[in-house]
Amino acid sequence: MEIHTLANGVRVVCEVMPGLQSAALGVWVEAGGRHEGDRETGIAHFLEHMAFKGTERRSARQIAEEIEEVGGYLNAYTSKEMTAYYARVLSADVPLAIDLIGDIVLNPVFAPEEIAIERGVILQEIGMVRDTPDDVIFDWLHETSYPDQPFGRSILGPVELVQGYGEADLRRFIRAHYAPDRMILAAAGGIDPDEVLRLAERVFGQLPARPAPAASAARFGGGERRELRDLEQAHFALSLEGPGYREDDFHAAQVFATALGGGMSSRLFQEIRERRGLCYSIQAQATAYADTGALTIYAGTGEDQIATLSMVTMDELRRAAEDLSEAETARARAQMKAGLLMGLESPAARCERLARMLAIWNRVPEVAETVARIEAVDARAARAHAERLLTRGRALALYGPVAGAPDLAALGARLAA
């Protein structure tokens, strides 16, 4: 693994995976949904879409043809904290991929007709999410967890703002947030690190250094959102405020969430799905960001079962905080370790990890260090984390035939029972 910083602040991180004839690489920009202003919601995602719609050197069609002529793959995504532009190619085509990614990130043209087309695509995407209950409920849960702040708003943005975005808005966001020291070029697989560094210097090295504003702090507020709708299922989503990824109990949070609802042997799955048959599936996961995190529990069930499912979920959450066993904790650790190690056999996953770790820590911990931190979480540490979790903020989202579901106060009282 090699890490370099160009004179203007762009960070370059490479990891060679011997024996591979392909590579994964991309540019991760620390500019996402939480960096948007009050009248900019969704613009980071809009910008990501526009990256493929033509540059000063290439049309949208040429971008697609050039990557596919070598059998490669080019894509992008927007998250709360980052926007990523990445590719998968054969080793010989790494120079083309870096040139393409640099071109779409640094030289977009934002033709009015292309903006209009992509606006329509994004509006269709918003409509698709709204028609998908198990997508929209997570947007609502996040908005309820972090109300009245950029961090809590949907990545896609509201229709009324998306309809108005134009070239000036996109360029203003780039000027404010696409600074060199917010960019990470990561590459993994069958690569030559010296070649990647030379290409990074050629493509990104001339970008002038400049400051970029920091994102506003996330504040977990909590509350409840309930939307009655005539659907087949009642959708239940609960969030409890957890640690960010720089906090001491981050790994304990991950282990506890896995033991609670991360697999078929988990507490929630065994009690609610297998023993009681209240739902087809139920899951818990711990998400983490720079300065906040959450334990999220989700299930879909029938109208007649939503009240029981909600209360039993609280019972299992409270019980796990009291008596989670060493055997359960060991299984959770094994799941996490296997998932990490199996995933890192893929150059795309390894490339993603390089960028994320560098953004979080400004270094990339060895995999062995991460595994050791997971292995260090015993049942006592997981239970201690859970006890803290039960005293912090909560948010609830309900969607569908949920008139009979208990409210957030009732669920909180059940946790304290």
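Quick look at the structure, then. (Residues numbered from 1 in each chain as written. Predicted model: local features only at pLDDT ≥ 70, side-chain atom pairs only at ≥ 80, totals over all residues. Heavy atoms only, no water.)

**Thoughts on the sheet that holds strand S7 (residues 223-228)**
1) Next: The mixed open sheet is built from 5 strands, whose spatial order is S7-S11-S8-S10-S9. The strands lining the two open edges of the sheet, one partner per strand, are S7 and strand S9 (282-288). Adjacent strand axes in the sheet meet at a mean angle of 10°, parallel and antiparallel pairs treated alike.
2) Next: Pairing geometry for strand S8 (residues 234-242) and strand S10 (residues 293-301), over 9 bridges, is antiparallel. Directly across from glutamate 241, in S10, lies its bridge partner alanine 294.
3) Next: Contacting S8, S9 and S10, helix H11 (residues 306-323) crosses the sheet at an angle of about 25° to S8.
4) Next: Contacts between helix H16 (residues 408-416) and the sheet are confined to S7, S8 and strand S11 (394-400), with S11 contributing the most and set at about 125° to the helix. (Pairing = 2+ DSSP bridges. Helix = DSSP H or I, 4+ residues; strand = E, 2+ residues; numbered from the N terminus. Axes fitted to C-alpha atoms, helices over the stretch in contact; angles between N-to-C directions. Contact = heavy atoms within 4.5 Å.)

**What about the sheet that holds strand S6 (residues 183-189)?**
1) Next: Spatial strand order, S1-S2-S6-S3-S5-S4: 6 strands in an open sheet with mixed pairing. Because the sheet does not close on itself, it has two edges, and the strands there are strand S1 (2-5) and strand S4 (73-78). Ignoring strand direction, the axes of neighbouring strands in this sheet form an average angle of 15°.
2) Next: The pairing of strand S3 (residues 22-29) with strand S5 (residues 83-90) spans 8 bridges and is classified as antiparallel. Pairing of alanine 24 across the sheet is with arginine 88, part of S5.
3) Next: Each of S3, S4, S5 and S6 touches helix H3 (residues 94-106); the most contacted strand, S5, lies at about 160° to it.

**Regarding the side chain of threonine 292**
1) Next: Checked against the element boundaries, threonine 292 lands in the loop between S9 and S10.
2) Next: Here threonine 292 falls in the buried class, since its relative accessible area comes to 3%.
3) Next: In this structure the side chain of threonine 292 is engaged in a polar contact, spanning 2.7 Å, whose partner is the side chain of tyrosine 146.
4) Next: Those residues in contact with threonine 292 that lie beyond four places of it in its chain are Tyr146, Phe151, Ala218, Gly242, Pro243 and Gly244. (Buried < 20%, exposed > 50% of the residue type's maximum accessible area, 1.4 Å probe, protein only. Polar contact = N/O pair within 3.5 Å; in protein donor to acceptor, adjacent residues only side chain to side chain.)

**Regarding the nonpolar core**
1) Next: Formed by 52 residues in total, the largest nonpolar core has its most connected members in Tyr85, Val94, Tyr178, Met183 and Val196.
2) Next: A per-element tally of this core places H3 first, with 7 residues.
3) Next: Filtering out sequence-adjacent residues up to four positions away, methionine 183 remains in contact with Val10, Arg11, Val27, Trp28, Val29, Val105, Leu106, Tyr178, Phe204 and Leu207.
4) Next: Judged by nonpolar contacts, the second largest core, of 45 residues, contains Ala284, Ala386, Ala405 and Leu411. (Core = buried A, V, L, I, M, F, W, Y, C linked by side-chain atoms within 4.5 Å.)

**Focus: the packing of aromatic side chains**
1) Next: Taken as a whole and judged by the stated rule, the model has 7 aromatic pairs.
2) Next: Relative to tyrosine 165, the ring of phenylalanine 46 lies with its centre 6.1 Å away and its plane at 80°, an arrangement referred to as edge-to-face. Placement of phenylalanine 46 in helix H1 (residues 43-50) and of tyrosine 165 in the loop between helix H6 (159-162) and helix H7 (167-177) is noted, with a sequence separation of 119 residues between them. Each member of the pair phenylalanine 46 and tyrosine 165 is classed as buried.
3) Next: Ring centres of tryptophan 140 and tyrosine 399 lie 4.7 Å apart, and the angle between their planes is 80°; this geometry places the pair in the edge-to-face category. Note that tryptophan 140 is positioned in helix H5 (residues 133-145) and tyrosine 399 in strand S11, a separation of 259 residues in sequence.
4) Next: The class for tryptophan 140 is buried, based on a relative accessible area of 11%.
5) Next: According to the relative accessible area criterion, tyrosine 399 is buried, its value standing at 3%.
6) Next: Feature note: the residues Tyr146, Phe151, Phe220 and Tyr289 constitute an aromatic cluster, connected by ring pairs. (Phe/Tyr/Trp six-rings, centres within 6.5 Å; stacked < 30°, edge-to-face > 60°.)

**Some thoughts on the pairing of S3**
1) Next: Most of S3 sits inside the fold, with 8 of its 8 residues counted as buried.
2) Next: Both faces of S3 are covered, namely the face carrying Ser22, Ala24, Gly26 and Trp28 and the face carrying Ala23, Leu25, Val27 and Val29.

**A few points about the packing of H1 against helix H4 (residues 112-130)**
1) Next: Here H1 crosses H4 at 125°, and the two axes come no closer than 10 Å. Regarding the angle of H1 to H4, the classification is oblique. Seen from above, H1 lies across H4 with right-handed handedness. Contact residues: H1 offers His45, Phe46, His49 and Met50, while H4 offers Glu114, Ile115, Glu118, Arg119, Val121, Ile122 and Glu125.
2) Next: Looking at side-chain class alone, the contact of H1 with H4 contains 5 nonpolar, 2 polar and 4 charged residues. (Parallel < 35°, antiparallel > 145°, perpendicular 65-115°, else oblique. Left-handed = near helix turned anticlockwise from the far one by under 90°. Nonpolar A, V, L, I, M, F, W, Y, C, P; charged D, E, K, R; others polar.)

**Considering empty space enclosed by the protein**
1) Next: What the rule picks out here adds up to 3 cavities of 30 Å³ or more.
2) Next: Approximately 60 Å³ is the volume attributed to the largest cavity.
3) Next: Pro243, Ala253, Ala286, Thr287 and Ala294 are, among the 13 residues lining the largest cavity, the residues nearest its centre.
4) Next: Residue assignment for the lining of the largest cavity shows that the elements contributing at least two residues are helix H9 (250-261), S9, S10 and helix H15 (379-389).
5) Next: A per-element tally of the lining of the largest cavity places H9 first, with 4 residues.
6) Next: When the residues that make up the lining of the largest cavity are grouped by side-chain class, the tally is 9 nonpolar, 4 polar and no charged.
7) Next: One number sums up the size of the second largest cavity: a volume of about 50 Å³.
8) Next: Taken together, Thr258, Ala259, Ser265, Ser266, Glu328, Arg331, Ala332 and Gln335 make up the lining of the second largest cavity. (1 Å grid on protein atoms, 1.4 Å probe; cavity = no way out; pocket = protein on both sides within 12 Å on 5 of 7 lines; lining within 4 Å. Points joined across faces, edges and corners; volume = space filled by probe spheres on them.)

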